[in-house]
Protein chains: 2
Amino acid sequence: MKLFEKISIIGVGLLGASLAKACRKYNLVEEIYGFGRNRENLEKAKSLGVIDHCAEDLENAVRDVDLVVLCTPVARIVPLIESLLPHLKQGAVITDVGSVKGPLVHQADNLMPEGIFFVGSHPIAGGEKSGLDASREDLYVDAKCILTPTPKTDTQALEKVGALWESVGMDTLTLDADEHDFVFGAVSHLPHIVAYALMNTLGTLRTRQDHEVTAYSGAGLKDITRIASGDPVMWRDICLSNQVHSLDLIDRFQKTLGELRNVIEKKDGQALEEAFAAANKYRMKVI
Amino acid sequence: MKLFEKISIIGVGLLGASLAKACRKYNLVEEIYGFGRNRENLEKAKSLGVIDHCAEDLENAVRDVDLVVLCTPVARIVPLIESLLPHLKQGAVITDVGSVKGPLVHQADNLMPEGIFFVGSHPIAGGEKSGLDASREDLYVDAKCILTPTPKTDTQALEKVGALWESVGMDTLTLDADEHDFVFGAVSHLPHIVAYALMNTLGTLRTRQDHEVTAYSGAGLKDITRIASGDPVMWRDICLSNQVHSLDLIDRFQKTLGELRNVIEKKDGQALEEAFAAANKYRMKVI
């Protein structure tokens with residue numbers, strides 16, 4: 001038996017198309033409906049067999065399905081839920097792949113009518129490349145997926161959504177939605193903000209001969225700024241959706257950097273070496 | 001004919017031992033003297049054939065040689081030059097591999113007696129792994145080497161040192177020593193300081209269940225913090241030697257990050273997207 005008869009994927013980009021491909025590979029669903037703003041992209045997804053049906057509109061994309069997976073930028077998720085709710089059949093489950101969960105999950109909970117169920121998900125998968133062309137059936141294999149149930153979350157719906165992500169190869173974990181935003185604000189959003197700020201600091205610097213200083217960069221700068229290639233719209237939405245934690249984490253980082261600055265200004269070699277050795281030790285845990 | 005008859009490598013770690021191996025490979029020198037603080041390491045280097053002579057002391061390491069290459073942490077370079085100068089023969093050339101050049105090059109210039117020549121070098125090569133065991137004959141191939149001549153630099157000595165680095169596979173460029181420190185303060189030292197500060201910010205954060213938040217990290221955090229694994233003593237010395245530029249660059253970065261913070265606080269989506277798009281564009285030039 002299939003996990004779901006019919007599912008709808010809204011947003012057929014890297015995450016959405018990869019999920020569709022994985023659902024096919026593991027034979028998890030009967031039919032996949034796809035919908036998104038870019039018609040050409042949808043038709044390409046259909047012609048490649050990534051989705052079965054290229055829906056005309058949101059209503060047609062969702063009205064017969066058992067599961068809707070929202071794979072759009074995070075700021076679009078709540079407005080889309082509001083638009084699609086009137087068209088869902090009883091028993092339908094909605095989930096999403098948004099990188100920020102707190103405000104979204106609480107708003108979604110409050111929107112749910114009797115017999116329609118929402119479960120927040122955040123599959124930790126992606127890459128610098130986005131879009132249908134970058135999608136692949138193994139994107140989710142061996143990666144983590146965070147589920148963010150609330151006291152209102154239906155247990156069966158939670159199990160179904162968990163089973164979906166596990167069936168495409170993920171390890172599922174649950175976190176409170178606000179705690180999720182603090183944790184991913186720390187390990188993902190802050191590093192992106194820092195990488196963007198570093199790239200913007202360096203990008204404008206020039207030598208006396210008016211050469212760009214970045215022409216002298218080596219492997220270290222490439223690595224630290226790789227994530228500064230992330231999609232501006234996606235990261236704009238993430239930072240604004242997770243505003244409270246973003247600001248708090250930037251403040252914590254600026255304080256730590258300010259302390260390092262003081263130690264360099266005072267030429268306190270011992271304190272500087274200790275700070276760098278502590279970073280070495282913390283970094284070991286990231287590997 | 002060999003480039004040099006006898007050379008001395010002070011500090012037989014990653015850079016020094018790799019240079020010795022490359023000199024052998026390309027048959028550039030007759031004999032290699034090695035010296036350093038760690039006797040066991042030196043003897044291992046000799047038994048492996050990386051160096052020919054394991055000198056008893058600094059005097060024995062340098063008195064017969066045509067070229068001394070200082071491959072120690074940057075803070076040790078000027079004191080070592082002072083100690084070895086009395087033992088050098090006329091015509092000897094000294095160079096170094098220090099990552100900070102301004103103060104060092106000017107102090108070295110002022111120390112040079114008649115008939116002994118100093119040329120500052122900064123081969124842009126390395127890696128997180130340090131020490132003899134990590135050394136390899138191709139470390140320098142296709143990498144850049146910055147030479148930092150001053151008005152006092154002897155032209156022949158500059159040519160010889162340039163020929164050494166080119167013979168082991170490097171592209172040589174010249175920069176004014178202070179400009180070098182600004183440029184590498186920007187593309188190398190600041191990114192390291194930022195990576196250390198980021199790691200120290202995240203390393204102490206815990207979830208409500210007292211788990212380390214870094215347990216949730218993905219590929220992005222790994223990349224951005226890779227250089228936070230750099231050797232604390234080496235980076236302490238670099239930051240303190242390049243203090244003026246380090247502080248200036250930290251200030252520039254804090255200002256840029258503070259501006260991003262303000263934009264997030266004001267929820268100015270357009271300005272945030274533009275800042276991220278600018279970072280994307282600058283990042284393209286680093287690739």
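Keep in mind that this is a model prediction, so the values were computed, not measured. (Residues numbered from 1 in each chain as written. Chains lettered and ligands numbered in written order. Predicted model: local features only at pLDDT ≥ 70, side-chain atom pairs only at ≥ 80, totals over all residues.)

## A few points about the interface of chain A and chain B
Short version of the rule: Any two residues are considered in contact once their C-beta atoms, placed from the backbone, lie within 7 Å. Working definition: helices are DSSP H or I runs of at least four residues, strands are E runs of at least two. Numbering for both runs from the N terminus. Note on residue classes: Ala, Val, Leu, Ile, Met, Phe, Trp, Tyr, Cys and Pro are nonpolar, Asp, Glu, Lys and Arg are charged, and everything else, Gly too, is polar.
Facing the 73 residues of chain A at the interface are 73 residues of chain B. Secondary-structure elements contributing two or more residues to the side of chain A that touches chain B are α7 (177–203), α8 (219–225), α9 (232–241), α10 (243–265) and α11 (269–284) of chain A. Here the side of chain A that touches chain B takes 19 residues from α7 of chain A, the largest share from any one element. Partitioned by chemical class, the residues of the side of chain A that touches chain B number 41 nonpolar, 18 polar and 14 charged.

## A look at helix α5 (residues 102–111) of chain A
For the record, the criterion: Buried means a residue has 20 or more other C-beta atoms within 10 Å of its own C-beta, exposed means 12 or fewer, and partly exposed covers the counts in between; C-beta atoms are placed from the backbone.
Listed in full, the buried residues belonging to α5 of chain A are Gly 102, Leu 104, Val 105 and Ala 108 of chain A. In this structure, the buried residues of α5 of chain A make contact with α4 (77–84), β6 (117–119) and α7 of chain A.

## A few points about the sheet that holds strand β8 (residues 144–147) of chain B
Within a sheet, adjacent strands bond to each other through the backbone by hydrogen bonds, running parallel or antiparallel. Residue and element names in this part refer to chain B. Under the convention used in this document: Paired strands are those between which DSSP finds at least two bridges. Lines fitted to the C-alpha atoms define the axes, with helices restricted to the stretch that makes contact. Angles between their N-to-C directions range from 0 to 180 degrees.
The strand order across the open sheet built from 3 strands is β7-β8-β9, with neighbouring strands paired in mixed fashion. Two strands in the sheet have a free side with no partner beyond their single neighbour: β7 (121–123) and β9 (171–174). The average undirected angle you get between the axes of adjacent strands in this sheet is 20 degrees. Pairing geometry for β8 and β9, over 4 bridges, is parallel. Bridging from a neighbouring strand, Ile 146 pairs with Leu 173 of β9.

## Observations concerning the relation of the copies chain A and chain B
Cut-off, in case you're wondering: The copies are overlaid by a least-squares fit using only the C-alpha atoms of residues whose pLDDT is at least 70 in both copies.
Taken as rigid bodies, chain A and chain B are interconverted by a rotation of 180 degrees and an axial shift of 0.0 Å, the fit giving an RMSD of 0.0 Å. The two molecules are tied by a two-fold rotation axis, judged by turn and shift. No C-alpha of chain A lies nearer the rotation axis than that of Ile 224 of chain A, which sits 1.9 Å from it. Looking at chain A, 100% of its interface residues are interface residues in chain B too, so the copies touch through the same face.

## Remarks on the packing of α7 of chain A against α10 of chain A
Residues and elements named next belong to chain A. Selection criterion: Two helices crossing with the near one rotated counterclockwise from the far one by less than a right angle form a left-handed crossing, whereas a clockwise rotation gives a right-handed crossing.
Following both chains from N to C, one finds α7 and α10 inclined at 65 degrees, their axes separated by 9 Å at the closest point. Taken as a pair, α7 and α10 cross one another with a handedness that is right-handed. On α10, the residues touching Asp 181, Phe 182, Gly 185, Ala 186, His 189, Leu 190, Ile 193 and Val 194 of α7 are His 245, Ser 246, Leu 249, Ile 250 and Phe 253. Among the residues making up the contact of α7 with α10, the classes are represented as 8 nonpolar, 4 polar and 1 charged.

## A word on the domain arrangement of chain A
All names here are of chain A. The criterion, for reference: In this entry, domain limits derive from an automatic or database-based domain assignment.
Taken as a whole, chain A is organised into domain 1 (4–175) and domain 2 (179–284). Computed over C-alpha atoms only, the centres of domain 1 and domain 2 are separated by 32 Å. Contact with domain 1, which involves 14 residues of that partner, is made by 15 residues of domain 2.

## Considering helix α4 (residues 77–84) of chain B
All names here are of chain B. Test applied: Throughout, the arc means the angular range of directions from the helix axis out to the C-beta atoms.
Listed as buried for α4 are Ile 77, Val 78, Ile 81 and Leu 84. Axial view of α4: buried residues confined to an arc of 135 degrees, hence all on one face. Projecting away from the buried face of α4 at angles above 90 degrees are the exposed residues Pro 79 and Glu 82.

## Some remarks on the sheet that holds strand β1 (residues 4–10) of chain B
All names here are of chain B. The strand order β3-β2-β1-β4-β5-β6 describes an open sheet built from 6 strands, whose pairing is parallel. With partners counted over all chains shown, the strands left at the sheet margins are β3 (53–54) and β6 (117–119), one partner each. Two strands pair when backbone bridges link them, and strand β2 (residues 29–35) and β3 are joined in this way by 2 bridges, in the parallel orientation. Bridging across to β3, Gly 34 finds its partner in Cys 54.

## Some points on the environment of Arg 63 of chain B
Residues and elements named next belong to chain B. Along the chain, Arg 63 falls in the loop between α3 (58–62) and β4 (67–70). Under the C-beta neighbour-count criterion, Arg 63 is labelled partly exposed, with 17 such atoms within 10 Å. Not counting residues up to four positions away in its chain, the partners in contact with Arg 63 are His 87 and Lys 89.

## As for the confidence of the model for chain A
As a reminder, the rule being used: Confidence of the prediction at every residue is given by pLDDT, a number between 0 and 100.
Looking at chain A as a whole, the pLDDT averages 95, with 100% of positions reaching at least 70. If you check the scores for this complex, the pTM reads 0.89 and the ipTM reads 0.89.

## Regarding the environment of Trp 165 of chain A
Looking at the element boundaries, Trp 165 of chain A is found in helix α6 (residues 155–167). Sequence spacing of Trp 165 of chain A and Ile 146 of chain A is 19 residues, and the spatial spacing of their C-alpha atoms is 9.7 Å.

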